[in-house]
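# What the coordinates show
So the chains spell out like this:
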Amino acid sequence: MQIFHGRAAGANSDTRTATFHGEVWADPVMPTTDNVTINNVFFPPDTRTNWHTHEQGQILQVLAGQGWVCLEGEEAKAIRAGDTVWIPADEVHWHGAAADSYMLHTAISLGKTVWQDDVSAEQFSGATS
Ligand code: MN
């Protein structure tokens, strides 16, 4: 057993830009342990991940705010505080804040994350209803 205390030394918030649109903040909750990685991810309005997959899937728990999750080939679906999302292994998707709201989610990622291209403005423009 291991206990990972919140805000421990070496677990500072950091900005993620290379694989995100906009400046997204991530707070490590549990470093990768037995292929499980947990981060609290804070998306300011109009920020989001690139398209990506998770080797063994991912669970998102939306803690605050409102945003979107989108599977390739489908319309984006609204998510908000209290929602839990299961993303199966290898499904291409993105997630992020609404244009007019921040979103904070805990991301429990199983296996490796494989990053792809930026979500285009045209693709994001569908996520407005
Ligand atoms: Mn994901």
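In case you missed it, the structure is sitting above this.
For clarity, every value in this text was computed on a predicted model and none was experimentally measured. (Residues numbered from 1 in each chain as written. Predicted model: local features only at pLDDT ≥ 70, side-chain atom pairs only at ≥ 80, totals over all residues. Heavy atoms only, no water.)

### Comments concerning the coordination of the manganese ion
- The protein atoms that coordinate the manganese ion are His52 (NE2), His54 (NE2), Gln58 (OE1), His93 (NE2) and His95 (NE2), at distances of 2.1 to 2.2 Å.
- Coordination of the manganese ion draws on donor residues from a single chain, spaced H-x1-H-x3-Q-x34-H-x1-H in sequence. Here Gln58 is found in strand S7 (residues 58-71), whereas its partner His95 is found in strand S10 (residues 93-97), with 37 residues between them in sequence. Here Gln58 and His95 have matching classes, each one buried. (Donors = N, O, S within 2.8 Å, 3.2 Å for Na, K, Ca; no water. Helix = DSSP H or I, 4+ residues; strand = E, 2+ residues; numbered from the N terminus. Buried < 20%, exposed > 50% of the residue type's maximum accessible area, 1.4 Å probe, protein only.)

### With respect to the pattern of salt bridges
- Evaluation of the coordinates by the stated rule reveals three salt bridges.
- Between Asp46 and Arg48 there is a salt bridge, with its nearest N and O atoms 3.4 Å apart.
- For Asp46, a relative accessible area of 35% puts it in the partly exposed group.
- Overall, Arg48 belongs to the buried group, its relative accessible area being 3%.
- The salt bridge involving Glu74 is made with Lys77; its shortest N-O contact spans 3.3 Å. (Salt bridge = Lys/Arg side-chain N within 4 Å of Asp/Glu carboxyl O.)

### Digging into the nonpolar core
- Phe43, Ile79, Val85 and Met103 are the most contacted members of the largest nonpolar core, which has 13 residues in total.
- Residue assignment for this core shows that the elements contributing at least two residues are strand S4 (36-43), S7, strand S9 (84-87) and strand S11 (103-110).
- If you tally residues by element for this core, the top one is S7, at three residues.
- The residues touching Val85, leaving out its near neighbours within four places in the chain, are Gln58, Ile59, Leu60, Val69 and Ile79.
- Grouped together as the second largest cluster of nonpolar side chains are ten residues, Trp51, Trp68, Val92 and Val119 included. (Core = buried A, V, L, I, M, F, W, Y, C linked by side-chain atoms within 4.5 Å. Contact = heavy atoms within 4.5 Å.)

### Side note on unusual backbone geometry
- Even without being a glycine, Asp46 presents a positive backbone phi close to 70°.
- If you trace the backbone, Asp46 turns up in the loop between S4 and strand S5 (48-49).
- Of note in this structure, Asp90 is not a glycine but carries a positive phi near 65°.
- Note on placement: Asp90 falls in the loop between S9 and S10.
- Residue classification places Asp90 among the exposed residues on the basis of a relative accessible area of 53%.

### Description of the pairing of S7
- Here S7 pairs with S9 via four bridges, running antiparallel. In the sheet register, Gln58 faces S9, and the bridge partner there is Ile87.
- By the bridge criterion, four bridges tie S7 to strand S8 (residues 77-80) in an arrangement that is antiparallel. By the bridge assignment for S8, Val69 is matched with Lys77.
- Connecting the antiparallel pair S7 and S8 is a turn made up of five residues, with Gly73 showing a positive phi of about 85°. (Pairing = 2+ DSSP bridges.)

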